[in-house]
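Close look at the chain arrangement
Here's the letter readout for the chains.
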Amino acid sequence: MRGRSSILTGAWLVVLTGAQILTVVVVWRFAVGTEQGQLLDTIALNGNSIGRQRIEGMVGGVLDAVSLLSLVAATAVIGFIALIRRRLLLAVVTVGLIVGANVTSQALKYFIERPDFGVDPERETAGNSLPSGHTTVAASVAIALVMVLPPRVRGWGALVGAGYAAAAGVATLSAGWHRPSDSVTALLIVGAWATAASFVLLLRQGDDMEVEPADGNRRVFSVLAIGGLVLLLAAAIAIGWTDGSRTTPMPEFDRRQLLVAYGGSAAGIAGTAALVTALVLLTMHRVVPRHTVDAARRRTG
């Protein structure tokens, strides 16, 4: 890793990795470890009954596509794309990202204990569900694909990947499989692994690399970042409004209250997916730059 720009990029990736890990801990401690957090999660989850019949088929299709077999197949494809681009380290690192993120989610699911505050007696015996394994699978594959794609299609891959990760996270909420915090933490775990993987790639850059600012996909980054922040703001407003209604017994919540909680949570999941993808895309042209020979061929036409 050479040059001031590389040092700044490396420092940014380290800070970003640490920030996402810290956010996972904060969400975990609040959503699982406090009565207030559990109640807000449960209210949002109970809101999934609104309009469930209309989207049941679509939700089922999204979740059915997330399986161990699909994960193995997608991982193989991602490794193959990196190898045909003659990026052996990229193949190893992205496969490591997928494996590491999914192992982390499964380990945390069994490690975290969910105290019983009497908030959700119907699911009391189910225990802890944070983080969401399905969301981790979808997001890790989506982010890894963004990392291995060539610059000219990386932006489109980021848009599709963010949409897929968001759809999977919201689908687990709509199906009643997971609480909102489960999907949010899963996305952040993938984000932390992605930025850590990016740092490894940055450290191992060779002398034949040339950074092209035009490969930064700034427009797509702006769309994802601004869209993600807007969605997170909407989620914060919805959560704040729902928190003000906590004194109302849950069986007495009306349709509007449940819809606000559910819609706000869905926005929070989608916003997190968009922002995590945007942050990975932001430095990808520096982390996986073109080979100098490829840049020369492009310039000479």
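Below or above, wherever it landed, is the structure these notes cover. As the structure is a prediction and not an experimental result, all values here were calculated from the model.

The rules behind the values
Residues numbered from 1 in each chain as written. Predicted model: local features only at pLDDT ≥ 70, side-chain atom pairs only at ≥ 80, totals over all residues. Heavy atoms only, no water. Salt bridge = Lys/Arg side-chain N within 4 Å of Asp/Glu carboxyl O. Buried < 20%, exposed > 50% of the residue type's maximum accessible area, 1.4 Å probe, protein only. Helix = DSSP H or I, 4+ residues; strand = E, 2+ residues; numbered from the N terminus. Core = buried A, V, L, I, M, F, W, Y, C linked by side-chain atoms within 4.5 Å. Contact = heavy atoms within 4.5 Å. Polar contact = N/O pair within 3.5 Å; in protein donor to acceptor, adjacent residues only side chain to side chain. Axes fitted to C-alpha atoms, helices over the stretch in contact; angles between N-to-C directions. Parallel < 35°, antiparallel > 145°, perpendicular 65-115°, else oblique. Left-handed = near helix turned anticlockwise from the far one by under 90°. Nonpolar A, V, L, I, M, F, W, Y, C, P; charged D, E, K, R; others polar.

Observations regarding the pattern of salt bridges
Applying the stated criterion across every chain yields a total of two salt bridges. The salt bridge involving Arg123 is made with Asp120; its shortest N-O contact spans 3.0 Å. Overall, the relative accessible area of 10% leaves Asp120 in the buried class. Between Arg179 and Asp120 there is a salt bridge whose closest N-O contact spans 3.5 Å. Residue Arg179 is found in the loop between helix 7 (151–174) and helix 8 (180–203), and its partner Asp120 is found in the loop between helix 5 (88–111) and helix 6 (133–148); the two are separated by 59 residues along the sequence. Grouping residues by exposure puts Arg179 and Asp120 together as buried.

Some points on the nonpolar core
With 47 residues, the main nonpolar core has Ile143, Met147 and Leu201 as its most contacted residues. Among the secondary structure elements, those contributing two or more residues to this core are helix 1 (3–31), helix 4 (68–84), helix 5, helix 6, helix 7, helix 8 and helix 10 (255–287). At nine residues, the largest contribution of residues to this core is made by helix 8. Once residues within four sequence positions are removed from consideration, Met147 is found in contact with Arg85, Leu90, Thr94, Leu97, Arg154, Ala194, Ala197, Ser198, Leu201, Val280, Met284 and Val288.

Quick word on the side chain of Asp120
Among the polar contacts listed, one links the side chain of Asp120 to the side chain of Arg123, at a separation of 3.0 Å. Not counting chain neighbours up to four residues away, the residues in contact with Asp120 comprise Thr42 and Arg179.

As for the packing of helix 1 against helix 8
Interhelical geometry of helix 1 versus helix 8 gives an angle of 160° and a closest axis separation of 9 Å. In this view, helix 1 runs roughly antiparallel relative to helix 8, as classed from their interaxial angle. For the crossing formed where helix 1 meets helix 8, the hand is left-handed.

Things to note about the side chain of Thr242
Assignment of secondary structure puts Thr242 in helix 9 (residues 218–243). Not counting residues within four places of it along the chain, the set of residues in contact with Thr242 comprises Leu40, Ile43, Val260 and Ala261.

With respect to the packing of helix 2 (residues 35–46) against helix 10
Two quantities define a packed helix pair, namely the angle between the axes and the distance from one axis to the other. Direction vectors running N to C along helix 2 and helix 10 enclose 100°, while the axes themselves pass 7 Å from each other. One finds that helix 2 runs roughly perpendicular with respect to helix 10. Residues Ile43, Ala44 and Asn46 of helix 2 touch helix 10, and the partners they reach there are Leu258, Ala261, Tyr262 and Ser265. The residue inventory of the contact of helix 2 with helix 10, partitioned by class, reads five nonpolar, two polar and no charged.

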